[in-house]
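The chain contents come next:
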Amino acid sequence: MKSMTEARAGENWPPEEGQLISFKSGDGWKTGVLREVRWGLVWRDFVLDDGRVVPEIKISGCPQPPVWRTVIEVTQAEREAAEDRLASMAQAGLDPREREQSFWAELNQYLAYTFLRFKRTAHRPSDAERRPDEFSERIKEVKRAVTGRLSELLEMKAAAQERESAAYSLGRLKDLETTLETVGPRSQRSKK
């Protein structure tokens, strides 16, 4: 097995399945065997054999700047599938604060995608670096951006499809927020 630290950035990128990769974690550098590389709504996620999910920006050897998809590259079917996965994970009581797990990865992708979709400014710093306790505030921030864009769209006579899409996204964000607040993560319920 060849480690990604042995390859220069951009050369043989992304790494191949079965390769040992190094990545930055909350408590230092770690390694894992790559099971698959998959595109999320915005960036690539690296799924390891043990189930951990690591965003591309944290992988040793990641080309700089990392490649992000534009919001127009994401199909409606992809967005809806991501929303369904998030709703299922929230209803199952999974904890979105557990870093390097699927819920964390999916939620970061969805929040970044929704924010970029409705915010009319430049990119923000990577969502992969956020603290785990920020999800409530982040959902509210994205809802504010979507609400602001929806207000702009309501003043326009055209753009009916974008208005409907913004309203739908706002509803899905509210559903997710409500589910996370009412169901609560399993780890918090088990502590009570």
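The written sequence of each chain sets the order in which its residues are numbered from 1. Per-residue local features are limited, in this predicted model, to residues with pLDDT of at least 70; the limit for side-chain atom pairs, both in listing and counting, is 80 or more; totals at the level of whole chains, interfaces and linings are taken over all residues. Side-chain measures here rest on the full set of heavy atoms in the structure, leaving out hydrogens and waters.

**Observations concerning helix H2 (residues 102-118)**
Okay, so step 1: Only DSSP runs of H or I reaching four residues or more are called helices, and only runs of E reaching two or more are called strands; each is numbered from the N terminus. In a helix, the anticipated span is given by 1.5 Å times the number of residues less one. Between the first and last C-alpha of H2 there are 24 Å, a value that for 17 residues agrees with the 24 Å anticipated at 1.5 Å per step.
Okay, so step 2: Classification of residues uses two cut-offs on accessible area relative to the type maximum, computed with a 1.4 Å probe and protein chains only: under 20% is buried, over 50% is exposed, and between them is partly exposed. In terms of residue burial, H2 counts as a mostly covered element, since 16 of its 17 residues are buried.

**Here we look at the environment of Thr-75**
Okay, so step 1: Examined against the element boundaries, Thr-75 turns out to sit in the loop between strand S4 (53-55) and helix H1 (76-91).
Okay, so step 2: The partly exposed category is assigned to Thr-75, whose relative accessible area is 41%.
Okay, so step 3: For the pair Thr-75 and Leu-41, spaced 34 residues apart in the sequence, the C-alpha separation amounts to 9.2 Å.

**Description of the pairing of strand S2 (residues 28-39)**
Okay, so step 1: In this analysis, strands are considered paired if DSSP registers two or more bridges between them. Direction of pairing for strand S1 (residues 20-25) relative to S2: antiparallel, over a ladder of six bridges. Bridging across to S2, Lys-24 finds its partner in Trp-29.
Okay, so step 2: Hairpin remark: S1 followed by S2, antiparallel, with two residues in the connecting loop.
Okay, so step 3: Two elements, S2 and strand S3 (residues 44-48), share five bridges in a ladder whose sense is antiparallel. Within the sheet, the bridge partner assigned to Trp-39 lies in S3 and is Arg-44.
Okay, so step 4: Between S2 and S3, which pair antiparallel in sequence order, lie four residues.

**Considering the packing of H1 against H2**
Okay, so step 1: Fitting a line to C-alpha atoms yields each axis, with helices limited to the stretch in contact; the angle taken between N-to-C directions then spans 0 to 180 degrees. One can describe the packing of H1 onto H2 by two numbers: an axis separation of 10 Å at closest approach and a directional angle of 135°. With respect to H2, the element H1 is oriented oblique. Where H1 crosses over H2, the handedness of that crossing is left-handed. Residues Arg-79, Ala-82, Glu-83, Arg-85, Leu-86, Met-89 and Ala-90 of H1 form the contact with H2, whose participating residues are Ser-102, Phe-103, Glu-106, Leu-107, Tyr-110, Tyr-113 and Arg-117.
Okay, so step 2: Residues are grouped as follows: Ala, Val, Leu, Ile, Met, Phe, Trp, Tyr, Cys and Pro are nonpolar; Asp, Glu, Lys and Arg are charged; every other residue, Gly included, is polar. By residue class, the composition of the contact of H1 with H2 is eight nonpolar, one polar and five charged. Here the angle decides the label: under 35 degrees means roughly parallel, over 145 means roughly antiparallel, 65 to 115 means roughly perpendicular, and every other value means oblique. Here a crossing is called left-handed whenever its near helix is offset anticlockwise from the far helix by less than a right angle, and right-handed whenever the offset is clockwise. In this analysis, two residues are considered to be in contact whenever any of their non-hydrogen atoms come within 4.5 Å of each other.

**Some details on the environment of Arg-85**
Okay, so step 1: The residue Arg-85 is located in helix H1 in this model.
Okay, so step 2: For Arg-85, a relative accessible area of 38% gives the class partly exposed.
Okay, so step 3: Measuring from C-alpha to C-alpha, the distance between Arg-85 and Ser-102 comes to 9.8 Å, with 17 residues separating the pair along the chain.

**Details of the confidence of the model for the protein chain**
Okay, so step 1: Predictor confidence is given residue by residue as pLDDT, running from a minimum of 0 to a maximum of 100. Chain-level statistics for the protein chain give a pLDDT mean of 77 and a share of 72% at 70 or above.
Okay, so step 2: At the low end of the mean pLDDT range in the protein chain sits helix H5 (residues 186-191), at 47; at the high end sits S3, at 97.
Okay, so step 3: Of the regions scoring below 50 in pLDDT, residues 1-10 engages in 25 contacts with residues more than four places distant in sequence or in other chains.

**Quick look at H1**
Okay, so step 1: Across its 16 residues, H1 extends 22 Å between first and last C-alpha, which sits within 8% of the 22 Å expected from 1.5 Å per residue.
Okay, so step 2: Listed as buried for H1 are Arg-79, Ala-82, Glu-83, Leu-86, Met-89 and Ala-90. Taken around the axis of H1, the buried residues stretch over an arc of 130°, which confines them to a single face. Turned more than 90 degrees from where H1 packs its buried face, Ala-77 and Gln-91 sit exposed.
Okay, so step 3: Following H1 by one or two positions, Gly-93 adopts a phi angle in the positive range, close to 80°. As used here, the arc is the angular range of directions from the helix axis to the C-beta atoms.

**Points about the pairing of S3**
Okay, so step 1: Most of S3 sits inside the fold, with five of its five residues counted as buried.
Okay, so step 2: Burial of the side chains of S3 extends over both faces: Arg-44, Phe-46 and Leu-48 are buried on one face and Asp-45 and Val-47 on the other.
Okay, so step 3: As defined by bridge partners, S3 adjoins S4 across three bridges and the pair is classed as antiparallel. Across the sheet, the residue bridging to Phe-46 is Val-54, located in S4.
Okay, so step 4: Remark: four residues form the turn of the hairpin made by S3 and S4, two consecutive strands paired antiparallel; Gly-51 in that turn has positive phi of roughly 95°.

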